[in-house]
Amino acid sequence: MSNYVCLHQEGVSSIPKLIEKAYANNYNVVATSINANMVPFEPDESDPTYPATILSAVDWNSKVIFTLSDVDVDSPNAKLRQHAKEVLLRDVAWAEHLQNVGSVMVRLRGPENENLAAIVQTKTKGNWFIQVPITNPELATFEHRKDASAEDVALAEQNDPWNWWNKLRFAVKQSTKVKVVIELNDSDRPSKETVRRWLGEPIEAIIIPSSLFVRNRSNYCVLKKEWQVIIGHFISVRANIIISTNPTDKALSQYADYLKKLISENCDTHELNSYENMLEIPLQPLCENLDSYTYEVFETDPVKYKLYQDAVQAALLDRVSDEEAKTKLTVVMLLGGGRGPLARAVFNAAELTKRQVRLYIIEKNSNAIRTLSNMVKTLWANKDVHIFSKDMRDFSPPELADIMVSELLGSFGDNELSPECLDGALKLLKPDGISIPYKSTSYINPLMSAVLHQNVSQLVSTVPAFDYGYVSLLKNIYHIDEPQALFEFTHPNRAEKIDNTRCKVLTFTIKKDCVLHGIGGYFDTHLYKDICLSINPLTHTAGMFSWFPMFFPTRPRTLKEGQNINIKFWRCVDANKVWYEWQVITDSKEWEHHNICGTGYNMRL
């Protein structure tokens, strides 16, 4: 099922007519009871409430979400429990007969769900949508109860539906076929942190009851601002919308039109959507030549090269006075020319400042050299530009550089070996020369992302997947705590003894009960003075997409609100490679030590 706005109604007499009504009012999926307009109390009821032939197989799969009988298969009463299991198994059998790749939805009633988990695992076709209230429904009852004590309220608040879901998730072994549907209610608005935590779950949809809508001055159905913000967060992670109404509701099209407008306002669409939550092994441009497609993707970034141009421009103005502008030549060494975008930035900066520049382009990719050579002939014939097909670490320059410009940073800052490359190129720089960029800092924070964990788990049969760091456009994630600075590298590094190994322990505090699935990795870099590029979520450079964050997976464990965890991170170097190792430590208990000796992810020198 692709993205949808679904109409949910119970007590309908005809599923085909419900679909017809839904389509007439701008919905493209319906949700209704698998038992249609009657609930047979005998679990072995032989006559179905409708024949399979009322819809085609394609329509059963693509247009209908079945809600299963709301029975308690984990009831403490043995008789009720047995009856409920028989009813639910009958529903599942009928659903699997009608749909071979469809979806069923069942309500989560509380924290005890062992029997439900066992039934979920018996269904082999399609998906399970687990309907979970966003807050404990019991809280809403206290408004009308005079006998409720403060202790009762506190206990109800502690009985968090997320924990119900989390217990079920582990019971079904974190199956990719089990997704969560979050039910909003008009009696209790969730906190901001509660909403953020749900964003790290495999959200299929949110259920919006029609009671959440109010009439505006034009007598049109709208949502209050607070609900618009909450629902907007879920839309931003591609959650589908289920609008729950009674069968006699006359405002169906208004709900659908309003939600579609809200979707268009909150659902960011861009060329890189297909990369969301996808795991990619980071590039290794030092030992592997990039292809033209990769260069082209990076070159479309509208922000990065403008900031590089600003940095070179500011450096030229600082190093060459107006009086010297016509006579003083600035030697710029470009380390890694690619297909020319940084060279263009240097020439643009020179023209804007009216400074004289000689540009040396050092590029080890012989295929990229062809494109650069053509640019020299066709675009830069009147420029003082020289190309060398060399590894910057082995290059002997005709003269030393005043400014060294490079674009060697990866998603974690130093993971494309910029420290090793720039240290090796130090011999190209004058004693008073500068490097653009001159500093890079990596950042990490603990993340919850069931989707990323599932994606990592699918790789386990082929590679040591939990010992790899991945590049990913993080979408369905919960930031358990804010990112903190990890490793810093400055350039030029004129230390007598250069050591690029690092080790650091950072402490994070858990804001809400959650599951740790891994560690997010980011970086920022200072190009010149205060001109910066950043993919740190707290300071992300607006509009820049050249780098996706990194994700370092861990084995999933539940963490409790207020708990502190330590994350220990290493950057290790030997004669042939560089690699990271990571480990989580809680209450003096050490978790798995990942990527020991770089047996998984490493960067070859």
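Residues numbered from 1 in each chain as written. Predicted model: local features only at pLDDT ≥ 70, side-chain atom pairs only at ≥ 80, totals over all residues. Heavy atoms only, no water.

- If you check an unreviewed UniProt entry, the chain appears there as Protein arginine N-methyltransferase from Drosophila rhopaloa.
- Quoted straight from UniProt, the Sequence similarities (unreviewed entry) entry for the chain says "Belongs to the class I-like SAM-binding methyltransferase superfamily." (UniProt positions renumbered as here; feature names shortened; annotations may be inferred.)

## Brief notes about helix α9 (residues 225-236)
Step number 1: Spanning 12 residues, α9 covers 16 Å between terminal C-alpha atoms, matching the ideal 16 Å at 1.5 Å per step.
Step number 2: For α9, the full list of buried residues reads Trp 227, Ile 230, Ile 231, Gly 232, Phe 234 and Ile 235.
Step number 3: Where the residues of α9 are buried, they touch β6 (178-183), α8 (192-198), β7 (203-209), β9 (221-223), β10 (240-244) and α10 (252-266).
Step number 4: Looking one or two residues beyond α9, the residue adopting positive phi is Arg 238, at roughly 70°. (Helix = DSSP H or I, 4+ residues; strand = E, 2+ residues; numbered from the N terminus. Expected span 1.5 Å × (residues − 1). Buried < 20%, exposed > 50% of the residue type's maximum accessible area, 1.4 Å probe, protein only. Contact = heavy atoms within 4.5 Å.)

## Side note on the nonpolar core
Step number 1: Counting residues in hydrophobic clusters, the biggest one holds 170 residues, and the most contacted among them are Phe 234 and Phe 569.
Step number 2: Here this core takes eight residues from strand β21 (residues 514-528), the largest share from any one element.
Step number 3: Apart from residues lying up to four places away in sequence, Phe 569 is in contact with Phe 412, Ile 444, Leu 486, Phe 487, Arg 502, Cys 503, Lys 504, Ile 519, Phe 552, Tyr 580, Glu 581 and Trp 582.
Step number 4: In terms of nonpolar packing, the next biggest core, distinct from the first, is built from 11 residues, Ala 31, Phe 129, Ala 205 and Ile 242 among them. (Core = buried A, V, L, I, M, F, W, Y, C linked by side-chain atoms within 4.5 Å.)

## Considerations on the side chain of Asp 249
Step number 1: With respect to the helices, strands and loops of the structure, Asp 249 is situated in the loop between β10 and α10.
Step number 2: An unpaired buried charge is present at Asp 249: no salt bridge exists, and Arg 215, the closest side chain of opposite charge, is 6.4 Å distant.
Step number 3: A polar contact is formed between the side chain of Asp 249 and the side chain of Tyr 255, at a distance of 2.9 Å.
Step number 4: If sequence neighbours within four positions are ignored, Asp 249 has contacts with Ser 210 and Tyr 255. (Lys, Arg positive; Asp, Glu negative; His and termini not counted. Salt bridge = Lys/Arg side-chain N within 4 Å of Asp/Glu carboxyl O. Polar contact = N/O pair within 3.5 Å; in protein donor to acceptor, adjacent residues only side chain to side chain.)

## A look at the packing of helix α3 (residues 78-98) against helix α4 (residues 114-122)
Step number 1: Between α3 and α4, the shortest axis-to-axis distance is 11 Å and the interhelical angle comes to 20°. One finds that α3 runs roughly parallel with respect to α4. Crossing hand, α3 versus α4: right-handed. For the pair α3 and α4, contact is made by Arg 81, Lys 85, Leu 88, Leu 89 and Val 92 and by Asn 115, Leu 116, Ile 119 and Thr 122, respectively. (Axes fitted to C-alpha atoms, helices over the stretch in contact; angles between N-to-C directions. Parallel < 35°, antiparallel > 145°, perpendicular 65-115°, else oblique. Left-handed = near helix turned anticlockwise from the far one by under 90°.)

## With respect to the packing of aromatic side chains
Step number 1: According to the stated counting rule, one finds 21 aromatic pairs in the structure shown.
Step number 2: Geometrically, the ring pair formed by Phe 388 and Phe 395 is tilted, given 4.8 Å between the ring centres and 50° between the ring planes.
Step number 3: Assessed through its relative accessible area of 24%, Phe 388 is described here as partly exposed.
Step number 4: According to the relative accessible area criterion, Phe 395 is buried, its value standing at 2%.
Step number 5: Ring plane angle 70° and centroid distance 6.5 Å describe the contact between Phe 487 and Phe 569, whose orientation is recorded as edge-to-face. Within this pair, whereas Phe 487 is found in strand β19 (residues 484-490), its partner Phe 569 is found in strand β24 (residues 564-573), the two being separated by 82 residues in sequence.
Step number 6: Ring-pair connections join several aromatic residues into one group, and the members of that group are Phe 412, Phe 487, Phe 552, Phe 569, Tyr 580, Trp 582 and Tyr 601.
Step number 7: The ring of Phe 466 has Arg 555 sitting right over it, with the charged end atom 3.8 Å from the ring centre. (Phe/Tyr/Trp six-rings, centres within 6.5 Å; stacked < 30°, edge-to-face > 60°. Lys NZ or Arg CZ within 6 Å of the ring centre and 35° of its normal.)

## Quick word on the UniProt feature "binding site: S-adenosyl-L-methionine" (unreviewed entry) in the chain
Step number 1: The UniProt entry lists Tyr 295, Lys 304, Tyr 305, Glu 363, Asp 391 and Met 392 under the feature "binding site: S-adenosyl-L-methionine" (unreviewed entry), expressed in the numbering used here. For the annotated residues, spread through 98 residues, the largest C-alpha to C-alpha distance comes to 23.9 Å, inconsistent with a single compact locus.
Step number 2: Looking at the element boundaries, Lys 304 is found in helix α12 (residues 304-319).
Step number 3: In this structure Lys 304 comes out as buried when scored by relative accessible area, which is 1%.
Step number 4: Apart from residues lying up to four places away in sequence, Lys 304 is in contact with Phe 298, Glu 407, Leu 533, Met 544, Ser 546 and Trp 547.
Step number 5: The topology assignment puts Met 392 in the loop between β13 (385-388) and β14 (401-406).
Step number 6: You can call Met 392 buried: its relative accessible area is 10%.
Step number 7: Once residues lying within four places of it in the same chain are set aside, the contact partners of Met 392 are Leu 335, Ile 362, Leu 408, Cys 421, Gly 424, Ala 425, Lys 427 and Leu 428.

## Quick look at helix α16 (residues 450-457)
Step number 1: In terms of burial, α16 is largely enclosed, as six of its eight residues are buried.
Step number 2: Listing the buried residues of α16 in full gives Ala 450, Val 451, Leu 452, His 453, Gln 454 and Val 456.
Step number 3: Structurally, α16 contributes buried residues whose contacts are with α7 (161-171), β16 (439-448), β17 (470-471), β21 and β23 (550-559).

## Structural notes on the pairing of β24
Step number 1: Taken together, the eight bridges between strand β20 (residues 502-509) and β24 define a ladder with antiparallel strand orientation. Within the sheet, the bridge partner assigned to Cys 503 lies in β24 and is Trp 570.
Step number 2: Bridging between β24 and strand β25 (residues 577-586) involves eight bridges; their strand directions are antiparallel. Bridging from a neighbouring strand, Val 573 pairs with Val 578 of β25.
Step number 3: In textbook terms, the turn of a hairpin is the stretch between consecutive antiparallel strands, and for β24 and β25 this stretch comprises three residues. (Pairing = 2+ DSSP bridges.)

## Observations concerning the pattern of salt bridges
Oppositely charged side chains are able to pair whenever their charged atoms sit close together.
Step number 1: By the definition in use, this model includes 31 salt bridges.
Step number 2: Residue Asp 402 is joined to Lys 430 by a salt bridge in which the shortest nitrogen-to-oxygen separation is 2.9 Å. With a gap of 28 residues between them, Asp 402 in strand β14 and Lys 430 in strand β15 (residues 429-436) connect regions that are remote in the sequence.
Step number 3: In this structure Asp 402 comes out as buried when scored by relative accessible area, which is 10%.

## Things to note about the side chain of Asn 445
Step number 1: By the secondary structure assignment, Asn 445 is in strand β16.
Step number 2: Look at Asn 445 and you get buried, because its relative accessible area is 0%.
Step number 3: At a separation of 2.9 Å, a polar atom in the side chain of Asn 445 contacts the side chain of His 479.
Step number 4: From its side chain, Asn 445 meets the backbone oxygen of Asp 481 in a polar contact 2.9 Å long.

## Concerning the sheet that holds strand β1 (residues 5-8)
Each strand in a sheet pairs with another by means of backbone hydrogen bonds, the pair being arranged parallel or else antiparallel.
Step number 1: Spatially, β1-β2-β3-β4-β5-β6-β7-β10 is the arrangement adopted by the eight strands of the closed barrel, whose pairing is parallel. If you compare each strand with its neighbour and ignore which way they point, the axes differ by 25° on average.
Step number 2: The strands that α7 touches are β5 (127-133) and β6; relative to β5, the one it contacts most, it runs at about 155°.

## Let's talk about the sheet that holds strand β11 (residues 329-335)
Step number 1: With parallel pairing, the five strands of this open sheet are ordered in space as β13-β12-β11-β14-β15. Strand pairing shows two members of the sheet lacking a second neighbour, β13 and β15, which therefore form its edges. Neighbour-to-neighbour, the strand axes of the sheet open up by a mean angle of 20°, direction not taken into account.
Step number 2: Relative to β15, β14 runs parallel, the two sharing four bridges. Within β15, the position partnered with Ile 403 by the bridge is Ile 434.
Step number 3: Lying on the sheet, helix α13 (residues 341-353) is in contact with β11, β12 (356-362), β13 and β14; it crosses β12 at an angle near 175°.
Step number 4: Set on the sheet, helix α14 (residues 366-378) makes contact with β12 and β13; between it and β13 the angle comes to about 160°.

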